[in-house]
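# Understanding the architecture of this molecule
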Protein chains: 2
Amino acid sequence: MEEVLVTDGRALKHVQVREYVRNLVTGAAPGSPAPSERELVQHFGVARMTVRQAMDALVVEGLLERIPGRGTFVARPRRTASRITGYTEEMTRRGMLAESQTLLARREQAGPGVARALALTEGDAVIHWRRLRRADGVPMCIEDAYLNEVLLPGFLQSGMPTSLYDSLESRGLRPTWAEDSVNADKATSEESSLLEVDPMSAVLRHSRRAVSGEKVVEVSRSVYRADRYTLWVQLGHDG
Amino acid sequence: MEEVLVTDGRALKHVQVREYVRNLVTGAAPGSPAPSERELVQHFGVARMTVRQAMDALVVEGLLERIPGRGTFVARPRRTASRITGYTEEMTRRGMLAESQTLLARREQAGPGVARALALTEGDAVIHWRRLRRADGVPMCIEDAYLNEVLLPGFLQSGMPTSLYDSLESRGLRPTWAEDSVNADKATSEESSLLEVDPMSAVLRHSRRAVSGEKVVEVSRSVYRADRYTLWVQLGHDG
DNA sequence: TAGTGGTCTAGACCACTAT
DNA sequence: TAGTGGTCTAGACCACTAG
């Protein structure tokens, strides 16, 4: 009998087995064999159903793959849909420095469109945050975000964060689902002046309605310089 | 003991239980109670682990939700990411009549860009299909699709279908994952003439690389009239 | 207190794969 | 033939919820 690595005496057995296997296989090449179920039964001194419960979770997660008669193996990583990101994370991912200049940040009464999008009643308090956003110092986009004040108490008073999405995440409101619309247009004179482009330049208009669980956490409209920005989206999933 | 509905004597027990429960709850209102595990044990005369295996599958599927101490209930349908659709399905969904006029359909040798995108070697045979696509009779977009000829034998000879995605689906090549890029631009003179808009009108340029399992099945570039088209995308998932 | 799902045991037989 | 995952049994105790 091998020595069992004690991770946490209070932990449930199937969780102990699961995390033990996860540690073994993370970083391993796809196709590498995982321990067999009966090996783990011996190693942990648990019933086989307990091991299967642990392995089931990793299979559902996409980390392992079972092949009847052969064994359990590290699965090829699945292609997945885009993570829902905000401007800061998106630009950082592209290797650019994201900066923002707040043009407006105040409490407003929701108009009919914003109220419906945020699932509020017209006249309810919303936070309106308008920013000019730069990438590597160059103007990239103007974003108008509307937030449900009830979900973000003290948001305006707490000093505005750089990243709205980091701020939402720290409150447990990271968007889990979003509905975006995108179209093409020409810049208005005000937009072209802020974005430092010629009037009537091509721009990408992007709207988002972002939901965290049951709550609508963000409604925004952004206008991007088309000469500097292309939107990328991954859809669907393999496996 | 109630009478057991016999569905298929050859079926595995957990599958019988699963499908029995699925039939019971499909169409039921979210929050409706499903049979308790012990009820199903009595009903089918099986062990509780067998029932749990059946219910687990429905929970992972998102059909049921377990609440410890209370029971198992029909889950609220999850918000999910957009299905990957082509032009025909997309326009039909919007309640418009989708029509297409083939401008070009021929075998070509893949250039460097198309070859890389389709995971082929430069010079390999590809199908190039260029269409002017209308919605309710009005020009909407020009699409250039490149397809791997090896995956679609006889495609050009078989009479071109209306919907590329229907055609892929019938060959078991429905895209499961896609990578899209979108930006804004102004129409070229050739584009504006085909799309029946003024030169330099705003257009949306959309590129897609669509994958089915392990195979790259479609690479396309489309240009949409911005005055008639807004792209919609749903990202992520609840639950 | 009765019922629920969550966890766990200690076996069993099967079909399949690899040697 | 030995090993693997797939299926299944007949119990058990726990924490939690609801009346």
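See above for the structure.
Anyway, here's the lowdown on the structure attached to this text.

What counts and how
Residues numbered from 1 in each chain as written. Chains lettered and ligands numbered in written order. Predicted model: local features only at pLDDT ≥ 70, side-chain atom pairs only at ≥ 80, totals over all residues. Heavy atoms only, no water. Near = heavy atom within 4 Å. Polar contact = N/O pair within 3.5 Å; in protein donor to acceptor, adjacent residues only side chain to side chain. Helix = DSSP H or I, 4+ residues; strand = E, 2+ residues; numbered from the N terminus. Nonpolar A, V, L, I, M, F, W, Y, C, P; charged D, E, K, R; others polar. Least-squares fit on C-alpha atoms with pLDDT ≥ 70 in both. Contact = heavy atoms within 4.5 Å. Pairing = 2+ DSSP bridges. Axes fitted to C-alpha atoms, helices over the stretch in contact; angles between N-to-C directions.

A few words on the protein's contact with DNA strand D. Near DNA strand D you find 25 residues, and of these Arg 38 of chain A together with Lys 13, Ala 47, Thr 50 and Arg 70 of chain B are the closest. Across the atoms of DNA strand D situated within 4 Å of the protein, the share located in sugar and phosphate is 64%. Within the backbone of Gly 69 of chain B, an N or O atom sits 3.3 Å from a sugar or linking oxygen of DNA strand D. Every element with two or more residues in the surface near DNA strand D is listed here: helix H2 (37-44), helix H3 (48-61), strand E1 (64-67) and strand E2 (71-74) of chain A together with helix H1 (13-25) and helix H3 (48-61) of chain B. With four residues, H3 of chain B is the single largest residue contributor to the surface near DNA strand D. Split by residue class, the surface near DNA strand D holds eight nonpolar, eight polar and nine charged.

Note on the identical chains: chain B maps onto chain A by a rotation of 180° and an axial translation of 0.2 Å, with an RMSD of 0.5 Å. Classification of the inter-copy transformation places it as that of a two-fold axis. Nearest to the rotation axis, the C-alpha of Ala 184 of chain B is located 2.5 Å from it, this being the minimum over chain B. A shared interface surface links the copies, since 100% of the contact residues of chain B are contact residues in chain A too.

Turning to the sheet that holds strand E8 (residues 215-225) of chain B, a few remarks are in order. With antiparallel pairing, seven strands are arranged side by side in an open sheet as E9(A)-E6(B)-E7(B)-E8(B)-E5(B)-E4(B)-E3(B). The open sheet has two free edges, formed respectively by strand E9 (231-236) of chain A together with strand E3 (98-109) of chain B, since each of these has just one partner strand. For this sheet, the mean angle separating the axes of adjacent strands, direction not counted, is 15°. Both E9 of chain A and strand E6 (residues 177-186) of chain B contribute to a ladder of six bridges, which runs antiparallel. Considered in E6 of chain B, the bridge of Trp 232 of chain A is made with Ser 181 of chain B.

Shape descriptors only; they carry no functional weight alone.
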